[in-house]
Amino acid sequence: MAEAHKIESILVADCGTVLTKLSLVERVANSYRFVAQANSQTTATEPWNDLSIGVIKAVQELEAITGRHLYSRGRIVVPRRGLEGVDAFVVISSAVAPLRVVLAGLVREMSLESGRRAATGTYATIESTLSRESNGREEEQVRSPQEVWARTVRDLNPDVVLLVGGVDGGARRPVLELAEAVALGASMLGEEQRPAVLYAGNADLRPYVTKLLGDITHVVIADNVHPTTDTEHLGPTQLALEEFYIEERMQRAPGIDVLSDWSRLPFVPVANAFSRVVDFLWHREGNRDRGALGVDVGAATTTMAVTFSGRPYVTVYEHGVANGITDWVEKHGLARMARWIPEELEPEALEAMIHNLELQRYTVPQTTRELWVQLAIVREMLRSVRRSAQPTWDVGDASMGHLTLMPRIDPILISGGGLVHTPRPGQALLTVLDGLEPVGISTVLLDVNRAATAVGAIAGIKPLLAASALEAGSLVSLGTVICPVGKGRPGDVTMRIRILYGNGGELNVEAHYGEIETWPLLVGERATLEIRPTRRFDIGMGPGEGGKVEVLGGLLGLVVDARGRPLLLPENEDARRRLLTRWLWDVGG
Amino acid sequence: MFIPYTVANPLLTVRIPRLLPQRGQVLVRAGDSVAPSQIVAQAVRPADFRIVEVAQELDLSARNTPSCLKVERGQAIQEGEVLAARGGLTSRVCYSPLTGTVIGVGRGRLLLEAQAEVIRLAALVPGYVVESRDGSGVVVETVGALIQAFWGNGREGYGVLRMLVRDPRHPIRASHINASAQGTVLIGGSTVDEESIAQAIELQVRGMIVGSVLPSMIPRLRKTRFPVIATEGIGNLPMSMALFELLRSLDGREAAVSARIGDRWQPMRPYAVVPMPTHAAPKLNPDLPLKAGDRVRILGGEYRARSGTVSRLLEGLIQVETGARLPGIEIAFSESERVQVPQTNIERLL
């Protein structure tokens, strides 16, 4: 790799579960721009078992598009030699299976919940939970708890056992009982197969846990996830799990050794790269009373990254729009998806379509029915990831005062194949409004070229280049949305807005409860809004409080979503379908 | 642009990975010739185990327990055998809950392990081992026809192919399955119903190949012991004509069917292989660019599951029902029937 200050061209390989996306970023005049992109099938599984094959195919397509030579003598040319090669090559990946974790702890609502939240910070799946509190399994009736726990560890053979429990200075015996069972289960596996143990429980027990398990397997100690009854401390455990993921999964991915030979830069999980972009957006906006949020709806996972008061948070939800979606439906029920479909669809037909999305994950919706199903899945993924993520945030000044409400967020970045390829921008925006239920005033940005993660990868090497590439049009604004909180009757006036356009034009409008309304404000155009909410509605400035704000236009202009929070759908199926259809029309979907 | 593919080919060199569900022992070497039923690898499934709280059962302290033990570490034991006993007025006896071995003694407890179960993996197809993967399995190379499917019920087996229907739109009905179906792999057009499955089980059918399965049938099929594969996916879809014609041409030949689909992180394609008595066959090259004359199948929209040949690659974008504008392709189903579909929703048939 060239020295950081000399880097003028970067090739980013983003290896997803379905597609490998290659992006070439280069200096053009005084800024950096995405010059070209190419896709190939990800080749981490049979019959290839080698990630580098997909990367090479995408490089060849990129060479055909750009006319540049990037690959020569069996490797990507780094550093650049004249017009051949690039200055740096970065690999980010979400293609490999997540870390398999068994969570062991004491109280479901305390340490176990904290352990679960810590695990959502990276690509990890909790395969089983060991606790004195019953899981309702049949074997618990005939076996002792230790036997069940040891057996679970042995049979599941996870990558990591995350052992939590006990506040610092608190419970000892129950935690040690769990540790003993984990030791027993691990000792029944071959030495190379034994799971590592990450201990993040009562700090007083660290020497005992290390002594008990240290001879059997690799033990890592992290700060207690629940050090006192009313505090939670997830950071060190999340970091340790992320390191496990990189070591156990990313660095052992088939073909990664070849890519590593070409790159020489550390591999970055896609979720981390995405988080860097959201963090950058927060710092760019500089609003301490608001957070920045990004969602990346992928084929196998959904990532939510937020930054509040300069502190980033990442949540990786273990489902996306394709891989594993039938498992999600089995667990949560088909009705959760069906409620978002604006036309009559037999449950069996819906189920078949969801199965086929999983089996034929490369396809894009071709009929409106296929599109409604895909967007229904996206809505539920957004709602699920939000439910997982929100309890982990310390939102500070961005709070709207109610734990169930979204805090104030601006901007909202949306990314991922499930969202950015919707034929009409209104469909993407409505999906995000239904899925996230934002409140207050937010600009919604669409990662139309799916370049955000590549930008995040670049930010790790040359932050200025990443910032320049992002400013140079990687993101397209869908518009500014205003979502008031409050209750009213359908048709009640929620706010009056005076829109003062940059060219001197002026528009006075009213927004009504139960409606989504849009007014023109072109992409790149700015306007000043004088907003006066009626006394029962709050746009993030307090009930009935308004003021002047400068907003950015977008593909949909200015949008007021006055449907209320939480969003309620009619029980009656016909009424629900009519309402969904009307909302779609309102946003041009 | 990336175009996925499905193999539906009458004669080619096929490489079949045969992998254990967990690490184990490979029993053959690269270059070995194997028969379908030959065991090529095996693994030991973790055995059941029990912790017996001897001290608790005998009402003794852990320190006093060893003198009451009737077994020692490493000793084989039978279910119901006495593990420990204390005499005196309050005599008590502790029995073994399983047949196996004592693998641990201490702290007033015994750790017992049952006899382990061995998982045996057969070659499934006749051929040669071309790759031996240390502890995980082998790759067997054979020559014959290969038909890949989208869904399978997780089972494996082999038998003689028997075409039951005349049209790819026709489902398998119980009335199609008579005594001559014993030991065969049945081929239907569209779907299969509950009654047909029951009939097939009774007549000891060895496998089933259909176009699709209804979602409501999935739990039932997962419990069925013979392999069932669906070439088009889930729903009520006819088998695409290209695959139907190929299977019809193979009627009466012996086939191996694998209905394993892996998991979400290691997906596998279910398949049927029909070995042929020849050694020379071409290898596939899925990397060639798509061109006129290539066989393709449609995976979305109103023509889903129909197969045809590429007439031409369209230069501009085509608009689909959703309003999206996508790179298009023209496909001929026959001399007179041509349609334009997005390239993203087709796959090549190799």
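Above: the structure in question.
(A) Representation of helix H1 (residues 51-66) of chain A in the model. All names here are of chain A. Along its 16 residues, H1 runs 23 Å from first to last C-alpha, staying within 8% of the 22 Å computed at 1.5 Å per residue. Looking only at H1, the buried set comprises Leu51, Ser52, Gly54, Val55, Ile56, Ala58, Val59, Leu62 and Glu63. One or two positions beyond H1, positive phi appears at Gly67, with a value near 75 degrees.

(B) Broad picture of the packing of helix H2 (residues 108-119) of chain A against helix H6 (residues 235-249) of chain A. All names here are of chain A. The N-to-C vectors of H2 and H6 enclose an angle of 45 degrees; their axes lie 8 Å apart at closest approach. Taken together, the axes of H2 and H6 lie oblique to each other. Considering the relative orientation of H2 and H6, their crossing is right-handed. Facing Arg117, Ala118 and Ala119 of H2, the residues of H6 in contact are Thr237, Gln238 and Leu241.

(C) Main features of the sheet that holds strand E5 (residues 39-45) of chain B. All names here are of chain B. Spatial ordering of the open sheet is given by E3-E5-E12, a layout of three strands whose pairing is antiparallel. Whereas interior strands pair on both sides, the edge strands pair on one side only; in this sheet they are strand E3 (25-26) and strand E12 (117-122). Two strands pair when backbone bridges link them, and E5 and E12 are joined in this way by six bridges, in the antiparallel orientation. Its bridge partner being in E12, Ile39 is matched across the sheet by Ala122.

(D) Fine view of the interface of chain B and chain A. Tallying the contact residues gives 50 residues for chain B and 55 residues for chain A. For the pairing of chain B and chain A, the buried interface totals around 4300 Å² over both sides, and the portion due to carbon and sulfur atoms is 54%. Viewed at the interface, chain A and chain B are joined by three salt bridges. As a salt-bridge pair, Asp48 of chain B and Arg151 of chain A come within 2.3 Å of each other at their nearest N and O atoms. Elements with a minimum of two residues in the side of chain B that touches chain A: strand E2 (8-19), strand E6 (49-52), strand E11 (109-114), helix H3 (218-223), strand E19 (228-234) and strand E25 (338-342) of chain B.

(E) Highlighting unusual backbone geometry. All names here are of chain A. In this structure, Pro411 follows Asp410 across a cis peptide bond, with omega equal to 5 degrees. The topology assignment puts Pro411 in strand E16 (residues 409-415). Following Arg565, the chain continues to Pro566 via a peptide bond in cis, the omega torsion being -5 degrees. Inspection of the secondary structure puts Pro566 in the loop between strand E24 (558-561) and helix H17 (573-586). In the Ramachandran plot, Arg73 falls in the positive-phi region, its phi being about 50 degrees despite a non-glycine side chain. Considering the arrangement of structural elements, one finds Arg73 in the loop between strand E4 (71-72) and strand E5 (75-76). Assessed through its relative accessible area of 84%, Arg73 is described here as exposed. Of note, Asn157 is a non-glycine position whose phi angle comes to about 45 degrees, a positive value. When you line up the elements, Asn157 lands in the loop between helix H3 (145-156) and strand E9 (160-163). The class of Asn157 is partly exposed, set by a relative accessible area of 21%.

(F) Representation of the environment of Glu72 of chain B in the model. All names here are of chain B. With respect to the secondary-structure elements, Glu72 resides in the loop between helix H1 (54-58) and strand E7 (76-77). Judged by its relative accessible area of 55%, Glu72 is exposed. For the pair Glu72 and Val105, spaced 33 residues apart in sequence, the C-alpha separation works out to 7.5 Å.

So, how was this worked out
- Residues numbered from 1 in each chain as written.
- Chains lettered and ligands numbered in written order.
- Predicted model: local features only at pLDDT ≥ 70, side-chain atom pairs only at ≥ 80, totals over all residues.
- Heavy atoms only, no water.
- Helix = DSSP H or I, 4+ residues; strand = E, 2+ residues; numbered from the N terminus.
- Expected span 1.5 Å × (residues − 1).
- Buried < 20%, exposed > 50% of the residue type's maximum accessible area, 1.4 Å probe, protein only.
- Axes fitted to C-alpha atoms, helices over the stretch in contact; angles between N-to-C directions.
- Parallel < 35°, antiparallel > 145°, perpendicular 65-115°, else oblique.
- Left-handed = near helix turned anticlockwise from the far one by under 90°.
- Contact = heavy atoms within 4.5 Å.
- Pairing = 2+ DSSP bridges.
- Buried area = accessible area lost by both parts, 1.4 Å probe.
- Salt bridge = Lys/Arg side-chain N within 4 Å of Asp/Glu carboxyl O.

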